[in-house]
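Structure assessment
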Amino acid sequence: MLNKERMPEHVAVIMDGNGRWAKEKGVPRLVGHNAGMQAMKKIVDHSDKLGIKHLTVYAFSTENWKRSMEEVSGIFKLLVKWVASDLKGLIDNNVRVKVLGDYTVLPEDAVKSLEKTLEATKDNTGLQFNIALNYGGRDEITRAVKSLAKKVKDGALEPEDITEDAISAELFTGVYNADAPDPELIIRTSGELRLSNFLLWQSAYSELVFPEVYWPDFTPEEFEKAIADYQSRERRFGGRK
Ligand code: FPP
């Protein structure tokens, strides 16, 4: 049973294992991604039901461009399909969508779908669903450093003003974009035990949970188990009990 008093405000998910799920079933990788998309939709709905404020998913990393053209374009086609089928539901459910990452370099129809979604949901006040697309933690920190350096060069900022808060503000999760708190909980499915360039700055004190199941098999029940695991941990933030 979940403790409603200790629900995480922000849960972030590395949706790993679509390819292995497909391989085990003897179907193309894109069938795995499609099944992953269905799993993702259920987790969005469930996060909303649980009263979680922010759900972030790692949908496409800055490294995922190395995959075959067929797989890359297939993932973006899924994104367009998702917006076409689910945008109305997102609006009805008061979900606000934000993107983490420079999505402007994605295929044109994907950029258009995303812009439509961002615009149509921008005033919603329910669950905030952050989709990391063309996202890399090091890329994000590099961009933040460049932006701060430019402000110093332009005389708008003193080097002494470069605080942790000033850096956080410049990230994709910062006040100028998604305005999301650091995730209390990061889940990576499929048994892999890495962060893979995901939310490197924001994960400083996150609790990490690694369910064994492949992402397409990650159900709302598995999600609740991961949250229960988080709730059983003692968080000390470097201090003592
Ligand atoms: C990781 O599994 C998954 C991805 C890189 C893509 C995630 C995409 C989706 C869940 C569907 C699309 C959703 C959006 C919003 C575009 P993997 O392929 O690395 O699996 P493997 O490690 O088993 O090969």
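Everything quoted here is computed from the prediction, not taken from an experiment.

Observations concerning the packing of helix 2 (residues 29–50) against helix 7 (residues 220–231)
It is at 10 Å that the axes of helix 2 and helix 7 come closest, and there the two elements cross at 50°. By the angle between their directions, the pair helix 2 and helix 7 is classed as oblique. The element helix 2 and its partner helix 7 pack so that their crossing is right-handed. Facing helix 2, whose interface residues are Lys42, Ile43, His46, Ser47 and Leu50, helix 7 presents Pro220, Phe223, Glu224 and Ile227. Tallied by class, the residues present in the contact of helix 2 with helix 7 amount to five nonpolar, two polar and two charged.

Some words on the packing of aromatic side chains
Per the stated rule, a full pass over the model turns up eleven aromatic pairs. Residues Trp65 and Phe76 carry aromatic rings whose centres are separated by 5.6 Å and whose planes lie at 45° to one another, so their mutual orientation is tilted. Placement of Trp65 in the loop between strand 2 (54–61) and helix 3 (69–92) and of Phe76 in helix 3 is noted, with a sequence separation of eleven residues between them. Classification of Trp65 by relative accessible area gives partly exposed; the value is 34%. On the accessibility criterion, Phe76 (3% relative accessible area) is buried.

Side note on the pattern of salt bridges
Scanning all chains against the criterion turns up 18 salt bridges. Close ionic contact of Glu192 with Arg20 constitutes a salt bridge, the shortest N to O distance being 3.2 Å. With Glu192 in the loop between strand 5 (185–188) and strand 6 (207–209) and Arg20 in helix 1 (residues 18–25), this residue pair connects regions lying 172 residues apart in the sequence. On the basis of relative accessible area, Glu192 is assigned to the partly exposed category, the value being 23%. Among the ionic pairs, Glu71 bridges to Arg67, the shortest N-O distance being 2.9 Å. Judged by its relative accessible area of 34%, Arg67 falls in the partly exposed class. Through salt bridges with shared partners, a single network forms among Asp16, Arg20, Arg188, Glu192 and Arg194.

Conventions adopted
- Per-chain numbering applies: the sequence of each chain, read as written, is numbered from 1 onward.
- Local features in this predicted model are restricted to residues whose pLDDT is 70 or higher, and side-chain atom pairs enter the listing and the counts only when it is 80 or higher, whereas totals over whole chains, interfaces and linings include all residues.
- Side-chain numbers here rest on the full set of heavy atoms in the structure, without hydrogens or water.
- Between the N-to-C directions of two axes lies an angle of 0 to 180 degrees, each axis being a line fitted to C-alpha atoms and, for a helix, fitted only over the stretch in contact.
- By the criteria applied, helices consist of DSSP H or I runs no shorter than four residues and strands consist of E runs no shorter than two, each listed in order from the N terminus.
- Oblique is the label for any angle not covered by the other classes, which are roughly parallel (under 35 degrees), roughly antiparallel (over 145) and roughly perpendicular (65 to 115).
- Crossings are classed by handedness, with left-handed meaning an anticlockwise turn of the near helix from the far one by less than a right angle and right-handed meaning a clockwise turn.
- A contact between two residues is defined here by any heavy atoms of the two lying within 4.5 Å.
- When residue character is reported, Ala, Val, Leu, Ile, Met, Phe, Trp, Tyr, Cys and Pro are called nonpolar, Asp, Glu, Lys and Arg charged, and the others, Gly included, polar.
- Pairing of aromatic side chains requires ring centres within 6.5 Å, counting the rings of Phe and Tyr and the six-membered ring of Trp. Pairs whose planes differ by under 30 degrees are stacked, by over 60 edge-to-face, and all others tilted.
- Throughout this description, buried means an accessible area under 20% of the type-specific maximum (1.4 Å probe, protein chains only), exposed means over 50%, and partly exposed covers the range between.
- When a carboxyl oxygen of Asp or Glu is within 4 Å of a side-chain nitrogen of Lys or Arg, the pair counts as a salt bridge.

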